[in-house]
Amino acid sequence: MVERWTKERRLERTRALLLDAAEEVFAEKGFAAATLDDIAHAAGYTKGAIYKHFSVKEELFLAVSDRYWRRYFDNFAEVLSNVTAVGPHELDRVAERWRRLSHDRGAEHAALGHEFTLYLLRNPEARARVAAKRLEVAEELAAFVAENLERVGGSLTITPRAFAQVLIATSDSVILGSQLDDIDLYRPILEMYLSVVKLP
């Protein structure tokens with residue numbers, strides 16, 4: 001028996017295709033140069049389809065970014081699921097996973113994150129429009145970090161939200177620095193992050 005597509009499933013599929021197209025177009029052209037027409041064309045829809053899901057380009061970009069962070073959460077959750085302590089071996093495993101994910105993602109995506117940050121700094125109205133979503137991502141990351149540290153008996157010497165915001169602010173720079181200068185910054189930055197972690 002063929003399963004019928006409900007309206008909700010069709011909308012969900014359209015949204016996913018738009019996000020796939022947006023991720024590709026933003027990576028290829030950058031945030032500023034990419035247009036909603038470009039993204040709609042790449043997805044095989046009209047611009048009107050985008051407006052059914054996203055009111056402005058910044059909102060679409062943040063949805064792409066949100067999906068990216070969720071992939072990271074899932075990947076690191078897998079690495080951390082069997083961790084019972086935090087030491088050199090665990091840091092090596094996390095660094096290796098981060099390194100592999102970053103290699104798959106490419107420096108263009110990391111540069112895109114910096115471009116969007118500059119765009120928000122130069123456009124206060126856009127910054128105000130997306131402030132709530134950016135905070136939501138930081139709070140979800142903070143909860144993820146706190147939960148995983150608590151599981152191994154650890155805690156932070158700074159607030160989980162501050163830690164999450166540091167992670168968000170530095171992650172793209174670590175990727176770019178590692179690739180541009182052909183050095184490995186993943187393990188050293190993890191050591192720096194660990195400096196604000198209290199372990200039993």
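Residues numbered from 1 in each chain as written. Predicted model: local features only at pLDDT ≥ 70, side-chain atom pairs only at ≥ 80, totals over all residues. Heavy atoms only, no water.

Peer 1: In this structure, what is going on with the pattern of salt bridges? I would like to understand it.
Peer 2: Side chains that differ in sign of charge can pair as their charged atoms come close. Within this structure, the stated rule accounts for 13 salt bridges. The salt bridge involving R67 is made with D20; its shortest N-O contact spans 2.9 Å. Of this pair, R67 sits in helix α4 (residues 57-80) while D20 is found in helix α1 (residues 7-29), placing the two residues 47 residues apart along the sequence. Of the charged contacts in the structure, one is a salt bridge between R187 and E191, with a shortest N-O distance of 2.3 Å. Residue R187 and its partner E191 are located together in helix α9 (residues 186-194), separated by four residues, close to a single helical turn. One network of salt bridges, with partners in common, ties together E96, R99, R100 and D184. (Salt bridge = Lys/Arg side-chain N within 4 Å of Asp/Glu carboxyl O. Helix = DSSP H or I, 4+ residues; strand = E, 2+ residues; numbered from the N terminus.)

Peer 1: What should I look at first to understand the confidence of the model for the protein chain in this one?
Peer 2: Reading predicted coordinates in detail is not appropriate for stretches of low pLDDT. For the protein chain, mean pLDDT is 87; residues scoring 70 or higher make up 96% of the total. The secondary-structure element of the protein chain with the lowest mean pLDDT is α4, recorded at 81, while helix α2 (residues 36-43) shows the highest, at 95. (pLDDT = per-residue confidence, 0-100.)

Peer 1: What is the right way to look at α1 in this model?
Peer 2: Think of an α-helix as turning once every 3.6 residues; residues three or four places apart then point the same way. The first and last C-alpha atoms of α1 sit 32 Å apart over 23 residues, in line with the 33 Å expected at 1.5 Å per residue. Burial in α1 covers these residues: T14, L18, L19, A21, A22, E23, V25 and F26. G30, located one to two residues past α1, shows a positive phi value of around 90°. (Expected span 1.5 Å × (residues − 1). Buried < 20%, exposed > 50% of the residue type's maximum accessible area, 1.4 Å probe, protein only.)

Peer 1: Explanation requested: helix α7 (residues 124-151) in the structure shown.
Peer 2: In this model α7 runs 39 Å from its N-terminal to its C-terminal C-alpha over 28 residues, within 8% of the 40 Å that 1.5 Å per residue would give. The axis of α7 is deflected most strongly, by about 50°, at V130. G153 sits one or two residues past α7 and shows a positive phi near 80°. (Bend = angle between axes of the 7 residues up to and from the residue.)

Peer 1: For this particular structure, what's the right way to read the packing of aromatic side chains?
Peer 2: The way to describe two aromatic rings as a pair is by their centre distance and the angle between their planes. Tallying each qualifying case throughout the model produces 10 aromatic pairs. Their ring planes at 70° and their centres at 5.2 Å tell us that W98 and Y186 sit as a pair that is edge-to-face. Taken together, the residues span a long stretch of sequence, with W98 in helix α5 (residues 88-105) and Y186 in helix α9 at a distance of 88 residues. We classify W98 as buried; its relative accessible area is 5%. The exposure class assigned to Y186 is buried, which follows from its relative accessible area of 4%. What links up through ring pairs into an aromatic cluster is the set F26, F31, F61, F116 and Y119. (Phe/Tyr/Trp six-rings, centres within 6.5 Å; stacked < 30°, edge-to-face > 60°.)

Peer 1: Help me out: how do you make sense of the packing of α1 against helix α6 (residues 107-122) in this one?
Peer 2: One can describe the packing of α1 onto α6 by two numbers: an axis separation of 9 Å at closest approach and a directional angle of 85°. Taken together, the axes of α1 and α6 lie roughly perpendicular to each other. Each of E23, F26 and A27 in α1 lies in contact with α6, whose residues at this interface are E108, H109 and L112. Class assignment of the residues belonging to the contact of α1 with α6 gives a composition of three nonpolar, one polar and two charged. (Axes fitted to C-alpha atoms, helices over the stretch in contact; angles between N-to-C directions. Parallel < 35°, antiparallel > 145°, perpendicular 65-115°, else oblique. Contact = heavy atoms within 4.5 Å. Nonpolar A, V, L, I, M, F, W, Y, C, P; charged D, E, K, R; others polar.)

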